[in-house]
Amino acid sequence: MGTLAVAAAVGAPLYLAVAGALFSIGVLGFLLRKNLIVVFMSVEIMLNAVNLALLTVARFYVRTVDAHVLVFLVMALAAAETAVGLSIVIAVFRLKRSVSANDLTTMNG
Amino acid sequence: MASALLASVPLLCLAGAAVLGLVAVLGARRGRPVLSERAVSLLACTGPALAFALSIAASVRAASGPVEGPVVPWIALADFAGPIALRLDTLSATLLLVVTGIGTLIHVYSTGYMRGDRGYARYFACLNLFLFFMTGLVLAANLVTLFIGWEGVGLASYLLIGFWFDDETKARAGLKAFVVNRVGDAAFLLGIFLVFKTAGTVDFEGIRSALESRPELFRATFFGPFSVASAIGLLLFLGACGKSAQIPLHVWLPDAMAGPTPVSALIHAATMVTAGVYLVCRLSALYAAAPLTGAIVALVGAVTALFASTIALVQFDLKKVLAYSTVSQLGFLFLAAGVGAAGAAMFHLFTHAFFKAGLFLGAGSVIHALNHEQDIRRMGGLRWKMPVTGLTFLFCALALSAIPPFSGFFSKDAILWESLRRGGEIAPAFGLLLWALALAASVCTAFYAFRLVFLVFYGRPRCSEDAWQHCRESPRAMTSVLVVLAAGAALAGFLNVPESLVHGLDRFGRWVGPALAPEAAGEPENHAVELAIGIVSLLAALGGVGLATLLYAKRPDLAPALAARFPRLHRLLAEKYRVDEAYERFVTKPAWAIGDRVFFRLIDRRIIDGVTDGLAGAARGAGVILRLFQTGAVQTYVAILVLAAAAVLYAMWGGASPP
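Residues numbered from 1 in each chain as written. Chains lettered and ligands numbered in written order. Predicted model: local features only at pLDDT ≥ 70, side-chain atom pairs only at ≥ 80, totals over all residues.

*Asks:* Looking at this structure, how should I read the overall build of chain B?
*Replies:* Of the regular secondary structure elements, chain B holds 28 helices and four strands. Its C-alpha atoms put chain B at 125 × 70 × 60 Å along the principal axes. (Helix = DSSP H or I, 4+ residues; strand = E, 2+ residues; numbered from the N terminus.)

Shown next, in the form of structure tokens:
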């Protein structure tokens, strides 16, 4: 049985449920974890959850390839963003000797 | 050619003012004069002297008919044209000659009087500026141009009253003059508006022809008993009251004596203060159409004449006496102009310019010699030290007292006679009232004039030994001017000898007549009555002189005894009827209180500041609350974002199943 057949058998709701679960994990990770690197990873999880949801909708309901193109764009951007983000984290660590979100509140009002 | 001639008269003075102003400013920058006093005096006297020469040339042309000057468009709206336009007729020529002639003399005098003053160049810059505006005022062909000159001379007057501005009382005197004049000027402006609304023009010739061609416009009722002409006349007269120091706006002129004495002579005696009279004479056709206003003008003039002359009886400040004398003489001028005798008013204006300028400059000479002493109780006997000043002062005092054959006799006698005759045409009792007021004022005039002569120049010296030793006759630049003015004061009267005395010698009347409203054909003049009235006024003047001789020369003990006999009257006069105090109490204080309580504390502080402070406070309060959200921790922001997104989603679907 090819992948497409499996997908058709499983159905859209399960894919969407997985996407929702991944997104929730990402949100919770972002909100609760203090280590900036883990926070970044949570952002990546959320991005991919959204990608999955987008592809599901495109594949099962809209049936065009536009969304596929978009997803590749998002993945490329996410990679670039991670590179920039990680270098910022390193710079922050050099400055503060810490990568905890709790130590980065100098912008408070 | 003629047009350029007229324009160059004020422009020469303006050029002088500009150059001297530059010299003064540069000098103030450097901290020392840029030019020597000699160079400054030369510059200062050139403009006025040339202007005087050109004025004579122009006046000769004006004798054969009005000379039109240049017309420069200025305010041009839909149907309103207010150009800057000049015109010279015999009326303006008279005042123009007085202004430039006496102006030149006083410039020469000032070169001596102001010697060594720190603001030498600034002084002459202001004086030249004054002549620029004054000649503009005199030459104006319409009310708009006249108003520019009118405000300009007010400015020059303000600058010169407060010339020694580091003395606060002097600076305040300038301010007072400016503010009091503003009151009159507001009415003047309203008058100009009403003239335009009625006649459709502000040109004097245009107003005159409108009065002739459409008199019904001016006869229409404006308010209560006032016709439109009366209302215009009254508004313009209020402006004239301010400029010419008539009751109730006379309070600034005595204070204006804070300025240098030559300024008092030129601006506050001979020329600027007569601008109001000139205005009334200029519009004599309008006032002829407004008998009610004419009567008011005459009455205000007569009352002011008596009122001010009684104050002058008891003052001890040499310049204050002369200031009240000026107010009183201006009252005479308005009396004449009000009853419609504009010719008599202009003639007295002309002679008054000589003798009052002479008196002021004589006083300046005395003040100069006594090192700025102005109290006549500390003078006396000065005629031995200052023979020229003493003699010229005596001549001018004789002219002021209206003793023949000095000029004041002819001009004041004409006013007394006209007030009785023409005032009597309104109502016989009214004429008699005006005449009686004026006659009483003449007695007082003769009295205070000779009180000054005796107290200052005769008797024992009452100044300190030191001052007496240092006192000497003023320099040639000053005395020569005094001599010229005294000669004018003595002889100018022969320009207009009344018909009742000698036939065909009323040259001045015939000269200025064509520029004035034609006299209404009344009953023929009764020469016998006129002569009798003349003799009565002569006796009154002699009585005043005699009384002064008795009190201040023969029996010096009598004057203090008299003051002690009537202490309340004496105090009332010495305190100038307490008009200043009344203004202080009923105008200044309430205005101050309203300004402080209503405009400052309520409107400014509570309402305007309240609104702005309230807005600022609201913004600040919002900031206090909103800054709580700004923790700086990125996770808080995201938490809020998530909650908000959840709230939005809940609001969109409200728990219902997704579509």
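What follows picks up the thread again.
*Asks:* Looking at this structure, I do not really get the overall build of chain A. What am I missing?
*Replies:* Check the secondary structure of chain A and you find four helices and zero strands. Scanning chain A from its N terminus toward the C terminus, one meets helices and strands in the order α-α-α-α. Relative to the 2.2 N^0.38 estimate, which gives 13 Å for 109 residues, the radius of gyration of chain A is 18 Å and therefore markedly larger than a compact globule would have. Here the C-alpha coordinates of chain A stretch approximately 55 × 30 × 25 Å along the principal axes. Sorting the 109 residues of chain A into buried and exposed places 8% on the buried side. Within chain A, counting contacts between residues at least 6 apart in sequence, those at least 24 apart form 50% of the total. (Rg over C-alpha atoms; globule rule 2.2 N^0.38 Å. Buried ≥ 20, exposed ≤ 12 C-beta atoms within 10 Å, placed from the backbone. Contact = placed C-beta atoms within 7 Å.)

*Asks:* Looking at this model, I keep getting lost on the pairing of strand S1 (residues 67-76) of chain B. Mind explaining?
*Replies:* The side chains of a regular strand alternate between both faces of the sheet. Residue and element names in this part refer to chain B. Pairing analysis gives six bridges linking S1 to strand S2 (residues 81-88), with the strands arranged antiparallel. For Val67, the partnering residue across the bridge sits in S2 and is Leu88. Joining the antiparallel neighbours S1 and S2 is a turn of four residues. (Pairing = 2+ DSSP bridges.)

*Asks:* Even after reading the chapter, I still don't get the packing of helix H5 (residues 143-161) of chain B against helix H6 (residues 168-199) of chain B, so can you show me in this structure?
*Replies:* Each pair of packed helices can be summarised by the angle the axes make with each other and by the distance between the axes. Residues and elements named next belong to chain B. Two elements in contact, H5 and H6, have axes separated by 9 Å at closest approach and are oriented at 175 degrees. The angle between H5 and H6 falls in the class roughly antiparallel. Of the residues in H6, those touching H5 at Leu143, Phe147, Glu151, Gly154, Ser157, Tyr158 and Ile161 are Ala173, Gly174, Ala177, Phe178, Asn181, Asp185, Phe188, Ile192 and Val195. Partitioning the contact of H5 with H6 into residue classes produces ten nonpolar, four polar and two charged. (Axes fitted to C-alpha atoms, helices over the stretch in contact; angles between N-to-C directions. Parallel < 35°, antiparallel > 145°, perpendicular 65-115°, else oblique. Nonpolar A, V, L, I, M, F, W, Y, C, P; charged D, E, K, R; others polar.)

*Asks:* Just checking my understanding: could you explain the environment of Leu14(A) for this structure?
*Replies:* Residues and elements named next belong to chain A. With respect to the helices and strands, the residue Leu14 is situated in helix H2 (residues 12-32). Under the C-beta neighbour-count criterion, Leu14 is labelled exposed, with 12 such atoms within 10 Å. In this structure the C-alpha to C-alpha distance between Leu14 and Leu47, which are 33 residues apart in sequence, comes to 18 Å.

*Asks:* Would you explain the interface of chain A and chain B in this entry?
*Replies:* Note: interface size is frequently given as the accessible area lost on complex formation between the parts. Contacts between the two partners involve nine residues from chain A and, on the opposite side, ten residues from chain B. Per-class residue counts for the side of chain A that touches chain B are five nonpolar, four polar and no charged.

*Asks:* Quick question: what am I supposed to make of the confidence of the model for chain B here?
*Replies:* As a note on interpretation, predicted positions should not be read in detail where pLDDT is low. Considering every residue of chain B, the mean pLDDT works out to 89; 98% of them sit at 70 or more. With a pTM of 0.80, the predicted complex shows an ipTM of 0.83. (pLDDT = per-residue confidence, 0-100.)

*Asks:* Can you help me understand the packing of helix H16 (residues 342-369) of chain B against helix H22 (residues 476-491) of chain B in this one?
*Replies:* Residues and elements named next belong to chain B. For the pair H16 and H22, interaxial distance at closest approach is 8 Å and the crossing angle is 150 degrees. The orientation of H16 with respect to H22, classified from their angle, is roughly antiparallel. The interaxial crossing formed by H16 with H22 has left-handed handedness. Each of Phe354, Phe355, Ala357, Gly358, Leu361, Gly362 and Ser365 in H16 lies in contact with H22, whose residues at this interface are Met478, Val481, Leu482, Leu485, Ala486, Gly488 and Ala489. Classifying every residue of the contact of H16 with H22 gives ten nonpolar, four polar and no charged. (Left-handed = near helix turned anticlockwise from the far one by under 90°.)

*Asks:* Can you walk me through the domain arrangement of chain B in this structure?
*Replies:* Under the domain assignment used here, chain B contains domain 1 (575-628) and domain 2 (634-659). For domain 1 of chain B and domain 2 of chain B, the distance between their C-alpha centroids amounts to 51 Å. (Domains from an automatic or database assignment.)

*Asks:* Is there a simple way to explain the environment of Ala312(B) in this structure?
*Replies:* All names here are of chain B. Its place among the elements puts Ala312 in helix H14 (residues 291-312). Linking Ala312 and Ser59, residues 253 residues apart in sequence, is a C-alpha distance of 37 Å. With residues up to four places along the chain from it excluded, the contact list for Ala312 reads Val321, Tyr324, Ser325, Ser328 and Tyr448.

*Asks:* What should I look at first to understand the nonpolar core in this one?
*Replies:* The nonpolar side chains of soluble globular proteins are, as a tendency, buried together. Counting residues in hydrophobic clusters, the biggest one holds 220 residues, and the most contacted among them are Val280(B), Leu335(B), Ala345(B), Ala357(B), Cys396(B), Ala438(B) and Ala489(B). Sort the elements by how many residues they give to this core and helix H20 (residues 428-457) of chain B lands first, with 19 residues. (Core = buried A, V, L, I, M, F, W, Y, C linked by C-beta atoms within 7 Å.)

*Asks:* Help me understand the environment of Ala57(B) in this model?
*Replies:* For Ala57(B), the location among the structural elements is in helix H2 (residues 37-62). For Ala57(B) and Leu433(B), which are 376 residues apart along the polypeptide, the C-alpha to C-alpha distance reads 43 Å.

*Asks:* Please explain helix H1 (residues 2-30) of chain B as it appears in this structure.
*Replies:* For an α-helix, the turn length of 3.6 residues means that residues three or four places apart are oriented alike. Residue and element names in this part refer to chain B. Between its first and last C-alpha atoms H1 spans 42 Å; for 29 residues at 1.5 Å apiece the expected length is 42 Å, and the two agree. Helix geometry: H1 is bent most strongly at Ser8, by close to 35 degrees, with proline Pro10 lying one to four residues after it. Along H1, the positions that sit buried rather than exposed are Leu6, Val9, Pro10, Leu12, Cys13, Gly16, Ala17, Val19, Leu20, Val23 and Ala24. Looking at the buried residues of H1, the elements they touch are H2, S1, S2 and helix H4 (120-139). Gly31 lies just past H1 and shows a positive phi near 85 degrees. (Expected span 1.5 Å × (residues − 1). Bend = angle between axes of the 7 residues up to and from the residue.)

*Asks:* Is there a simple way to explain unusual backbone geometry in this structure?
*Replies:* Most peptide bonds take the trans configuration, and most residues that are not glycine carry a negative phi. Residue and element names in this part refer to chain B. Here the amide bond leading from Ile247 into Pro248 is cis, since omega sits at 5 degrees, within 30 degrees of zero. Among the structural elements, Pro248 can be located in the loop between helix H9 (228-243) and helix H10 (252-255). The amide bond that connects Pro404 to the next residue, Pro405, takes the cis arrangement and shows omega of 5 degrees. Position of Pro405 relative to the elements: it lies in the loop between helix H18 (387-400) and helix H19 (407-426). Of note, the phi angle at Ala245 is positive, near 55 degrees, even though the residue is not glycine.

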